[in-house]
Amino acid sequence: MNFDFSDDQKLLQKTAREYLTEHAPLSVCRAVLESNASYSDTLWKGVAELGWLGTAIPEEYGGSGFGRLELAVMAEEVGRALAPIPFSSSVYLATEAILQFGSDTQKKEHLPKLATGERIGTFAHAERPGEHGPEGVTTKLTRGKLTGTKVPVADGDSAHFALVTARSGKDVGLALVDLTADGVTRASVRSIDPSRSLASIRFDGAPAQLLGTATSWTAIQQVLDRAAVLMAFEQLGGAQQAFDLTRQFCLGRYAFGRSVASFQAIKHRLADLYVEIELARSNAYYGAWALSNESPELGRAAAGARAAASDAFELASKEMIQMHGGVGYTWEYDCHLFYRRAKWLGVALGSAHLWREQLIQRLQA
């Protein structure tokens, strides 16, 4: 079984990397972090024009008509660049949910605009700190009106619509709500990574509709599993870039007349980090295979990929700071950008601990 990408997919990855290297250096991420902007509008328009946002959207809905493997390739490069755009919220979650469970009318209305970047979508689930199972959902959808509060919501301050987990009778499903409608109040929430925004959203009788057939917790978990694989690739890209920059720094930094990369202690730590990243890569590739083939193994593959990628990116960002020495703690160096993003992504869909628990439960089942 070959888990590697094809030559065409590798060419797509190379093209994406070259574009982001030119148009999204780390200075772009830093500029958003140090400003009041929620994301880089210029970069968002750029990736939309290249068709990245519609990678997995069928051509009949205005997308590129590629598959999830191509989307995984894009996700890794977005992660490598620490791109300050709502890619995960709009593409991994909103687009995937509508593709899988939306009605024909909902697909025709939203997918073309998602593909062009005209509209940004997000996923609103959490209502309090801790794990977010169906028992924690108190938001209600009653006779087409949504009531409740979601916090934090990734990119909730810039999104045009949201898919909201809500109770409708005895079931928990996904409600589609226009965030510009009456009855919706949004407020920014402080985050460890200001280059990716968070928001609190309150619904006071906001008009909403159920998302097609996404009327059960099983459907919601499928949305989260699919997003977990793609987010694992984004984390993998960030971890790999942190490793590459750290190795380059160690090779160019000298102490006692030698490159610090030649010291045994540094070699061992770099080797351990390399192994951690490669383990995460193996899990992510397995997840991409399961996602692309709609395999019944997707649940287990997604949990493993998400847990491994979270651990790898967090370790890579910590080691990056440590191996840069004193300057690694300064604002001027870029180490903190990777640490912030690792922490932000590490809890975006639930913590690594949560995904490990799900992996155990799914293996037992």
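Calculation criteria
Per chain, the residues get numbers from 1 upward, laid out in the order the sequence is written. In view of the model being predicted, local features appear only for residues whose pLDDT reaches at least 70, and side-chain atom pairs are presented and counted only at 80 or more, with totals across whole chains, interfaces and linings using the full set of residues. Heavy atoms throughout the structure, all of them, feed into the side-chain values; hydrogens and water do not. Think of it this way: any DSSP run of H or I at least four residues long counts as a helix, any run of E at least two long counts as a strand, and we number them from the N terminus. We take the radius of gyration over the C-alpha atoms and set the globule estimate at 2.2 Å times the residue count to the 0.38 power. Only protein chains enter the area calculation, which uses a 1.4 Å probe; residues under 20% of their type maximum are buried, those over 50% are exposed, and those in between are partly exposed. Should any heavy atoms of two residues lie within 4.5 Å, those residues are counted as being in contact. Here the Shrake-Rupley method, with its probe set to 1.4 Å, supplies the accessible areas, and only the displayed protein chains count as covering residues. Only four residue types enter the charge count, namely Lys and Arg as positive and Asp and Glu as negative; His and the chain termini do not. For charged residues, the charge sits on one atom: NZ in Lys, CZ in Arg, CG in Asp, CD in Glu. Note on definitions: angles span 0 to 180 degrees between N-to-C directions of axes, and those axes are lines fitted to C-alpha atoms, for helices only across the stretch in contact. Should an angle lie under 35 degrees it is considered roughly parallel, over 145 roughly antiparallel, and from 65 to 115 roughly perpendicular; all remaining angles are considered oblique. By convention the crossing between two helices is left-handed if the near helix lies anticlockwise of the far one by an angle smaller than a right angle, and right-handed if it lies clockwise.

## A closer look at the overall build of the chain
Looking only at helices and strands, the chain features eleven helices and nine strands. Relative to its length of 365 residues, the chain is compact, with a C-alpha radius of gyration of 20 Å against a globular reference of 21 Å. Over its C-alpha atoms, taken along the principal directions, the chain stretches across nearly 75 × 45 × 40 Å. When burial is assessed residue by residue, the chain has 56% of its 365 residues classed as buried. At a minimum sequence separation of 6, the contacts of the chain that also span at least 24 residues come to 74%. When the accessible area of the chain is evaluated, it comes to approximately 15800 Å², of which 51% is carbon and sulfur surface. Each charge class in the chain was averaged separately, 37 positive and 41 negative side chains, and the resulting centres sit 5 Å apart.

## A few points about helix H3 (residues 41-49)
Within the sequence span of H3, burial applies to Leu43, Trp44, Gly46, Val47 and Ala48. Buried residues along H3 sit in contact with helix H1 (7-23), helix H5 (87-101) and helix H6 (104-116). Gly51, located one to two residues past H3, shows a positive phi value of around 85°.

## Some thoughts on the packing of helix H7 (residues 217-252) against helix H10 (residues 335-348)
At a minimum axis distance of 11 Å, the contact between H7 and H10 shows a crossing angle of 160°. Relative to H10, the element H7 lies roughly antiparallel. Between H7 and H10 the crossing geometry is left-handed. For the pair H7 and H10, contact is made by Met231, Glu234, Gln235, Gly238, Gln241, Ala242 and Leu245 and by Phe338, Arg341, Leu345, Gly346 and Ala348, respectively.

## Quick look at unusual backbone geometry
Note that the residue after Val151, namely Pro152, is joined by a cis bond; omega there is -5°. Tracing the backbone through its elements, the reader meets Pro152 in strand E3 (residues 145-154). With a phi close to 60°, Asp155 is a non-glycine residue in the positive phi region. Along the chain, Asp155 turns up in the loop between E3 and strand E4 (161-168). We note that Glu294 has phi near 50°; this positive angle belongs to a residue other than glycine. Mapped onto the elements of the fold, Glu294 is located in the loop between helix H8 (264-292) and helix H9 (298-323).

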